[in-house]
Structures are given as structure tokens and as C-alpha cells.
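# Chain and residue survey
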Amino acid sequence: MQALVLESTRHLNLREIEIAEPPGPHDVRIRIHTVGVCGSDVHYYQHGAIGPFVVRAPMVLGHEAAGVVEEAGPAVTTLRVGDRVCMEPGIPDPNSRATRLGLYNLDPAVRFWATPPVHGCLRPTVVHPAAFTFRLPENVSFGEGAMVEPLAVGMHAASKARIKPGDLAVVLGAGPIGMVTALAALAGGCSRVFITDVQAPKLALAATLGPITPVNVREADLGAMVRRATGGWGADVVFDAVGLPQSFAQALDALCPGGCIVLIGMPGTPVPFDIVAAQVKEARLETIFRYAHVYPRALALMGSRKIDVRPLITDRYAFADSVAAFDYASQMKPTSVKVQIELG
Ligand SMILES: [Zn+2]
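We now turn to the structure provided with this report.

About the cut-offs
- Residues numbered from 1 in each chain as written.
- Predicted model: local features only at pLDDT ≥ 70, side-chain atom pairs only at ≥ 80, totals over all residues.
- Heavy atoms only, no water.
- Helix = DSSP H or I, 4+ residues; strand = E, 2+ residues; numbered from the N terminus.
- Rg over C-alpha atoms; globule rule 2.2 N^0.38 Å.
- Buried < 20%, exposed > 50% of the residue type's maximum accessible area, 1.4 Å probe, protein only.
- Contact = heavy atoms within 4.5 Å.
- Areas by Shrake-Rupley, 256 points an atom, 1.4 Å probe, with all protein chains shown as cover.
- Donors = N, O, S within 2.8 Å, 3.2 Å for Na, K, Ca; no water.
- Tetrahedral: all angles 85-135°; square planar, octahedral: opposite > 155°, others 65-115°.
- 1 Å grid on protein atoms, 1.4 Å probe; cavity = no way out; pocket = protein on both sides within 12 Å on 5 of 7 lines; lining within 4 Å.
- Points joined across faces, edges and corners; volume = space filled by probe spheres on them.
- Pairing = 2+ DSSP bridges.
- Axes fitted to C-alpha atoms, helices over the stretch in contact; angles between N-to-C directions.
- Parallel < 35°, antiparallel > 145°, perpendicular 65-115°, else oblique.
- Nonpolar A, V, L, I, M, F, W, Y, C, P; charged D, E, K, R; others polar.

The next thing to look at is the overall build of the chain. A tally of helices and strands in the chain yields eleven helices and 20 strands. The C-alpha atoms of the chain give a radius of gyration of 20 Å, which matches the 20 Å a tight globule of 344 residues would have. For the chain, buried positions account for 52% of its 344 residues. Restricting to contacts in the chain with at least 6 residues of sequence separation, those with at least 24 account for 70%. Only carbon and sulfur atoms are counted for the fraction: they give 56% of the accessible area of the chain, which is about 14,900 Å².

Around a metal, the perfect tetrahedron of four donors has angles of 109.5 degrees, and the perfect octahedron of six donors has angles of 90 or 180 degrees. At the metal site, the zinc ion is ligated by Cys 38 (SG), His 63 (NE2), Glu 64 (OE) and Glu 149 (OE), and these contacts range over 2.2 to 2.5 Å. For the zinc ion, the four donor atoms in the first shell make angles of 89 to 171° at the metal, so the coordination geometry reads as irregular. Along the chain, the residues that donate to the zinc ion are spaced as C-x24-H-E-x84-E. With relative accessibility at 1%, the residue Glu 64 sits in the buried group.

What follows concerns empty space enclosed by the protein. Summed over the entire model, instances satisfying the criterion amount to one cavity of 30 Å³ or more. In this structure, the largest cavity spans a volume of roughly 60 Å³. Lining the largest cavity, in full, are Glu 88, Gly 90, Tyr 104, Asn 105, Val 110, Phe 112, Arg 290 and Tyr 291.

Taken as a whole, helix H8 (residues 245–254) has its buried residues at Ser 247, Phe 248, Ala 251, Leu 252 and Ala 254. Packing partners of the buried residues in H8 comprise strand S13 (168–172), helix H7 (222–229), strand S16 (235–240), strand S17 (255–263) and helix H9 (275–279).

All right, on to the sheet that holds strand S1 (residues 2–8) then. Ordered by their spatial adjacency, three strands build an open sheet running S2-S1-S6, and the pairing between neighbours is antiparallel. The strands lining the two open edges of the sheet, one partner per strand, are strand S2 (11–16) and strand S6 (59–60). As judged from the six bridges shared by S1 and S2, these two strands associate in the antiparallel manner. Following the sheet pairing, Val 5 is matched in S2 by Asn 13.

What follows concerns the packing of helix H1 (residues 39–47) against helix H11 (residues 322–330). It is at 10 Å that the axes of H1 and H11 come closest, and there the two elements cross at 95°. Taken as axis vectors, H1 and H11 run roughly perpendicular relative to one another. Judged by residue contacts, Asp 41, Val 42, Tyr 45 and Gln 46 of H1 engage Phe 326, Asp 327, Ala 329 and Ser 330 from H11. Looking at side-chain class alone, the contact of H1 with H11 contains four nonpolar, two polar and two charged residues.

The next point concerns the environment of Met 302. Secondary-structure assignment places Met 302 in helix H10 (residues 295–303). What makes Met 302 buried here is its relative accessible area of 0%. In this structure, the C-alpha to C-alpha distance between Met 302 and Asn 139, residues 163 residues apart in sequence, is 8.5 Å. Excluding residues within four positions of it along the chain, Met 302 makes contact with Asn 139, Val 140, Glu 144, Met 147, Val 148, Leu 151, Ile 307 and Val 309.

The next subject is the side chain of Thr 196. Position of Thr 196 among the secondary structure elements: in strand S14 (residues 192–197). Once residues within four sequence positions are removed from consideration, Thr 196 is found in contact with Val 171, Leu 172, Gly 173, Ala 174, Leu 203, Val 215, Val 217 and Leu 222.

A volume near 240 Å³ is recorded for the second largest pocket. Glu 21, Ile 91, Arg 111, Trp 113 and Val 127 are the residues nearest the centre of the second largest pocket, which is lined by 14 residues in total. For the lining of the second largest pocket, the leading source of residues is strand S11 (residues 125–129), giving three residues. Each residue belonging to the lining of the second largest pocket can be placed in one class, and the counts come to eight nonpolar, two polar and four charged.

In C-alpha cells form, the structure reads like this:
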């Protein structure tokens, strides 16, 4: 089949590739409609590796997908041919200890689309376990369905924060993950979100998404702004969707005593962290790695329109222009948030 193949660093091809995928009884075959371009896809394209994951053989990119079920195995009871669906890109070993504990995102054997050596979904069809395939509500488009994957990261972060109704949150970074984290925090009960960035157009867009206060950290002091808004107390939750040394300092400064910091952004190297600054506030630190058991709730929030990700889908490309889509995503304008590729 025709697929977008990363041959090696900076070398992408839309070409024929043979992928042997015999469907099992619990699998469905999905005709792919829309695939989002993720920062990780772009990173593999530009650098050929993320941490220990190195592209050593040609690999199909893409892991944020929605499509239509075109074949269902005999043991599949939850889905039918013709269902519009989106898919969780990580398939864990059902017998692993992590999976049995409910922590399937932490299964060391998880096979995740477009994480070497596993092929991704920028191709006409995929075979996928029905258990990791979810029907879209009628009012949710394929484009929104392909946004469930990044939204799931923000939802998992919001769950880890244990938000209480009325909490004030800070989100560091207004990239796609920062934006969906802000939406998840509001849906989870936060009264207001302060979101930071250095790109004015991203902040302007974020401010249209709900009770979200944009903070350009080039011009304004985040901690001072948050304290002014909270009678000097600070933010109940700080989500770091940046992962740079300066963002840890900002997080600790903006946090209230007893507050929670959720680390989402992944620093490229180990970074210094002011432990004493965290201790004097008894900060609770949470980390996340992808997500688990989030898709149904993300889809429910989209279906009820408590979360609307449509303003975040800023750029669309046809499958035939996939390489151009990746070149654009590698050097996006500050007005762009999410690039999607449409096959359907
Ligand atoms: Zn992604």
C-alpha cells in the first residue's frame, strides 16, 4: 500500500510499502480518514530519534488517526463495519504486569504507532485491536477524532493533578499539548487558566478558547500576575507543557503552597530543579507518560461540546502532499497549532 515512509533522518517518501497485518478475531481493519502531525513525528523526521528510540529502518509515520471500520473480526462485539472511529496508538501486552495493574501505558512492551520499529498510520488502512478503537459521537468530525490522541495527554495530566472545582491552573506553553491541557483543566473543573508562551498569535488563539488568560513571558512576570489574581496565594495546579529549566522555575514561582505541578514536557537532557523551592511549598509533583483509559472520556467531552478542539486544527493537507505537510510542520508559522493530513 501507499504510505508516508521515513527512510532515514530528513528523508521522507510517499511510496509503496508491504505491511503484513493479518487481522485477528478481536481486530478491526480501519480505512484511515484523517491523521494529525505530531511534534514527535516531526522530531523523528528532523533528528531520526527521540531519546532511546532510534529510526534504524524505514518506518511509516503518524499516530493521531480517525477513520471508518471496514472489516471486523468474528470476536468483535463493540464495533461494526461503517462505524466512524479513532484509535489509541499504543497496544500493550495484555498479560504484562503493568497492563494487569491498569497502567498499560507503562508496559515496557507496548507497541506504539510510529515509535521505532513500529509502523504508524499514515497509510490507507490499519489493522487494530477493537479494544483500542473507539466510536466517534455523531457530531464529532474525523478531524476532531484525530485530535483525541493529543487531547488524551492533557486529560491524563488533568486527572493526575486531581483538580478540585474552582481551582486556578497555569499551563506553561501554548503549543498543541498546552492548548489541549488548558481545555482539559477547564473541563475538569478549573475556574480559570493562565497560559504562557512567547508567540503572540498562539496566546491570542488560546484566549478565545474559554476563561483563559494569556501571558507572554517575554513581557510579563507570570508569578506576579498569578499572585495578583489570587490574593498573593498562587496557582493550585501548574502544568508544564514546555520542559525547559526556566519553566520549572516559573512553575515553582507561580504555585500556591500545597499545590501540584504536572510535568508533561520532556526535556532533551537532565535539567536542574530547585528542590528546596518545591519543599517550602510542599509541592506535589506528578509526571505523565502518554495516557491510559482516557479516550472514552475525551470523546464524551467532545460530544457534549464541553471541549471543542476545532479551533486548534489550523492546517489541512491532502495525503498526496504529506511531505509538504511535514516540511510545513517542521517550520510552522506561529499562527498554526495542528497540521492534519486527510486521506478520505
Ligand atoms: Zn501525538
